[in-house]
Amino acid sequence: MQDGTFHTLGHLQETWTRGDVFAANCPTRQLLDRIADKWSTLILIVLGEGPIRFNALKHRIDGVSQKMLSQTLKSLERDGLVSRSVVATVPVSVTYAVTPLGRTLMAAMQSMIDWAETQMPQVAAAQTAYDARSPDPH
C-alpha cells in the first residue's frame, strides 16, 4: 500500500491510502469498474476529440441508449473525468468535454483500443480454433 496526499477544493491536503482492487468494497475497484465499462471508454475517447453536445455524442456512439449515455456521463462527471457546460439558449445547449483529470486516463484507454483493433485478426483466429474444437463455443 502507498500513502500520499492530494488537493481538493476546500481542503489543503487529504491523506489517501492506495486501495486493494481485489477487495469488493475498495473505492479504486469501483472506479475501475466504471472506467473499464465499454460506454465510459467510448465516451471518453469521443470527448477526447473535443467538446460535443449530448445528441451528437449519442449519434457518434452507435448502440448507446439515451438513458445509458445520460447515466454514464453523470458518473464520469461525478468522478471528475468529464465536465458539463450549460448555455441558456432556446433550447438549452449542453456540451460535454474531458477534464484534465480525464485526459490523464485517455492515453491508457487509447492503447487498449489500439491493441484491440490491431490484434483482432489473431483473436478471431483463436475464437475460430476454440469453436472448432469445443462442442459449445460459449
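Residues numbered from 1 in each chain as written. Predicted model: local features only at pLDDT ≥ 70, side-chain atom pairs only at ≥ 80, totals over all residues. Heavy atoms only, no water.

By the naming in an unreviewed UniProt entry, the protein chain goes by Transcriptional regulator and is assigned to Brevundimonas intermedia.

On to the sheet that holds strand β4 (residues 82-87), then. Sheet strands associate in pairs through backbone hydrogen bonding, adopting either a parallel or an antiparallel arrangement. Pairing is antiparallel across the open sheet formed by three strands, whose spatial order is β3-β5-β4. Looking along the sheet, the strands with just one partner apiece sit at the ends: β3 (52-53) and β4. As paired strands, β3 and strand β5 (residues 93-98) are joined by two bridges and run antiparallel to one another. When the sheet's bridge partners are listed, Arg 53 is paired in β5 with Thr 95. Across the sheet, helix α2 (residues 38-47) is in contact with β3, β4 and β5; its angle to β5 comes to roughly 95°. (Pairing = 2+ DSSP bridges. Helix = DSSP H or I, 4+ residues; strand = E, 2+ residues; numbered from the N terminus. Contact = heavy atoms within 4.5 Å. Axes fitted to C-alpha atoms, helices over the stretch in contact; angles between N-to-C directions.)

Let's shift gears to α2. For α2, the buried fraction is high: eight of the 10 residues fall into the buried class. Of all the positions in α2, only Trp 39, Ser 40, Thr 41, Ile 43, Leu 44, Ile 45, Val 46 and Leu 47 are classed as buried. N-cap assignment for α2: the residue whose side-chain oxygen lies 2.9 Å from the backbone N of Trp 39 is Asp 37. (Buried < 20%, exposed > 50% of the residue type's maximum accessible area, 1.4 Å probe, protein only. Polar contact = N/O pair within 3.5 Å; in protein donor to acceptor, adjacent residues only side chain to side chain.)

Turning our attention to the packing of α2 against helix α4 (residues 66-78). Closest axis-to-axis distance for the α2/α4 pair is 10 Å, and the angle between their directions is 75°. Here α4 runs roughly perpendicular to α2, going by the angle between their axes. From α2, Trp 39, Ser 40, Ile 43, Leu 44 and Leu 47 reach across to α4, where they touch Met 68, Leu 69, Thr 72, Leu 73 and Leu 76. (Parallel < 35°, antiparallel > 145°, perpendicular 65-115°, else oblique.)

Below, the discussion takes up the packing of α2 against helix α5 (residues 100-133). Packing of α2 against α5 leaves a shortest axis separation of 10 Å and a crossing angle of 110°. Considering the angle they form, α2 stands roughly perpendicular to α5. Considering only the axes of α2 and α5, their crossing is left-handed. Contacts between α2 and α5 involve Ser 40, Thr 41, Leu 44 and Ile 45 from the former and Leu 105, Met 106, Met 109, Gln 110 and Ile 113 from the latter. In terms of residue class, the contact of α2 with α5 is made up of six nonpolar, three polar and no charged. (Left-handed = near helix turned anticlockwise from the far one by under 90°. Nonpolar A, V, L, I, M, F, W, Y, C, P; charged D, E, K, R; others polar.)

Across its 13 residues, α4 extends 18 Å between first and last C-alpha, which sits within 8% of the 18 Å expected from 1.5 Å per residue. Three or more residues of α4 are buried, namely Leu 69, Thr 72, Leu 73 and Leu 76. In a view along the axis of α4, the buried residues occupy a sector of 100°, so they form one face of it. Across α4 from its buried face, at more than 90 degrees, point the exposed residues Lys 67, Lys 74 and Arg 78. Next to the buried residues of α4 lie α2, α3 (54-60), β4 and β5. One or two steps after α4, the chain reaches Gly 80, where phi turns positive at roughly 85°. (Expected span 1.5 Å × (residues − 1). Arc of directions from axis to C-beta.)

That bond from Val 90 to Pro 91 is cis: its omega, -5°, falls within 30 degrees of zero. Inspection of the secondary structure puts Pro 91 in the loop between β4 and β5.

With that out of the way, let us pick up the packing of aromatic side chains. The final tally for this structure, using the stated rule, is one aromatic pair. Ring geometry for Phe 54 versus Tyr 96: centroids 6.5 Å apart, planes at 55°, classification tilted. Remark: Tyr 96 occurs in strand β5 and Phe 54 occurs in helix α3; sequence separation between them is 42 residues. Exposure remark for Tyr 96: the relative accessible area of 8% places this residue in the buried category. (Phe/Tyr/Trp six-rings, centres within 6.5 Å; stacked < 30°, edge-to-face > 60°.)

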